[in-house]
Amino acid sequence: TPAPPPAEALGDTLFRKGLEHYAKEAWGEAIASYQAALEADPTSSRAAYNLGLAFKANGDLDRAAKAFVVALELQKDMPKALYMLGLTEIQRGRNPSALAHLNRLIRVQPDFDKAHYLLGRIWREEGRPDMVRIHFERFLHLTPTGSSADSVRRWLEQNQGGAQE
């Protein structure tokens, strides 16, 4: 196979450096590496996505959200970017935006269990038990065990008689 174009090769090298820094929880260095990777290869959705992860880990939710949006501009309907953008929007107190991204995600990937869990949590905050039930039951169908499943099951039992199959 032919060698990748120089920008792509440089972007890949910088991306791998970002992964190393991220694994060491060196957020500033990871951010710098991912930014440089994206500058070297502006088509790299994975560099944009990982930049979002690094910003989020560093506590910068606004810049994380922007990076996830860039990842989605580069790779439309990237499931993990939709999920992380939805989660970040919840953490930013922007439930309507989170709902939009998470609903888009379950249209793209209907069995994305964590998206159903987050949608259930948002609808619970919004006082919509009918919507909570839909998403929590789907989550339980996909992920029947674990601490989140236990809390979902408790909510369903306390609100109109438990899960329905």
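To be clear, the structure that these remarks concern was listed above.
Residues numbered from 1 in each chain as written. Predicted model: local features only at pLDDT ≥ 70, side-chain atom pairs only at ≥ 80, totals over all residues. Heavy atoms only, no water.

(A) Region of interest: the overall build of the protein. Secondary structure summary: the protein contains nine helices and zero strands in total. Secondary structure elements in the protein, listed N-terminal to C-terminal, are α-α-α-α-α-α-α-α-α. Each principal axis of the C-alpha distribution contributes one length, and for the protein these read about 60 × 35 × 25 Å. Counting over 165 residues, the protein shows a buried share of 43%. Long-range pairs, those at least 24 residues apart, make up 43% of the contacts in the protein with a sequence separation of at least 6. Put simply, the protein shows about 8,900 Å² of open surface, and 51% of that area lies on carbon and sulfur atoms. Looking at charge distribution, the protein has the averaged site of its 21 positive side-chain charges lying 1 Å from that of its 21 negative ones. (Helix = DSSP H or I, 4+ residues; strand = E, 2+ residues; numbered from the N terminus. Buried < 20%, exposed > 50% of the residue type's maximum accessible area, 1.4 Å probe, protein only. Contact = heavy atoms within 4.5 Å. Areas by Shrake-Rupley, 256 points an atom, 1.4 Å probe, with all protein chains shown as cover. Lys, Arg positive; Asp, Glu negative; His and termini not counted. Charge placed at Lys NZ, Arg CZ, Asp CG, Glu CD.)

(B) Region of interest: the packing of helix H5 (residues 79–91) against helix H7 (residues 113–125). Following both chains from N to C, one finds H5 and H7 inclined at 25°, their axes separated by 11 Å at the closest point. As the angle between them shows, H5 and H7 are arranged roughly parallel. You can see that H5 and H7 cross each other, and the crossing is left-handed. Contact with H5, carried on its side by Tyr83, Leu87 and Ile90, involves Lys114, Ala115, Leu118 and Ile122 of H7 and no other residues of that element. The class makeup of the residues in the contact of H5 with H7 is six nonpolar, no polar and one charged. (Axes fitted to C-alpha atoms, helices over the stretch in contact; angles between N-to-C directions. Parallel < 35°, antiparallel > 145°, perpendicular 65-115°, else oblique. Left-handed = near helix turned anticlockwise from the far one by under 90°. Nonpolar A, V, L, I, M, F, W, Y, C, P; charged D, E, K, R; others polar.)

(C) Looking closely at the side chain of histidine 135. Examined against the element boundaries, histidine 135 turns out to sit in helix H8 (residues 129–142). A polar contact is formed between the side chain of histidine 135 and the side chain of histidine 116, at a distance of 3.1 Å. The contact partners of histidine 135, leaving out residues within four places of it in the chain, are Ile106, His116, Leu119, Gly120 and Trp123. (Polar contact = N/O pair within 3.5 Å; in protein donor to acceptor, adjacent residues only side chain to side chain.)

(D) Geometry of the environment of arginine 16. Checked against the element boundaries, arginine 16 lands in helix H1 (residues 6–23). Overall, the relative accessible area of 43% leaves arginine 16 in the partly exposed class. Between the alpha carbons of arginine 16 and asparagine 159 there is a distance of 48 Å; along the sequence they are 143 residues apart.

(E) Region of interest: the packing of helix H2 (residues 27–40) against helix H3 (residues 45–57). Across the interface, H2 lies against H3 with an axial gap of 9 Å and an inter-helix angle of 160°. Considering the angle they form, H2 stands roughly antiparallel to H3. The handedness of the crossing between H2 and H3 is left-handed. For the pair H2 and H3, the contacting residues are Trp27, Ala30, Ile31, Tyr34, Gln35, Ala37 and Leu38 in the first and Ala47, Ala48, Asn50, Leu51, Ala54, Phe55 and Ala57 in the second. Taken together, the residues that form the contact of H2 with H3 break down as twelve nonpolar, two polar and no charged.

(F) Unusual backbone geometry, seen in detail. In the Ramachandran plot, glutamate 25 falls in the positive-phi region, its phi being about 60° despite a non-glycine side chain. Considering the arrangement of structural elements, one finds glutamate 25 in the loop between H1 and H2. The backbone phi angle of aspartate 77 is positive, close to 60°, even though this residue is not glycine. Its place among the elements puts aspartate 77 in the loop between helix H4 (61–74) and H5.

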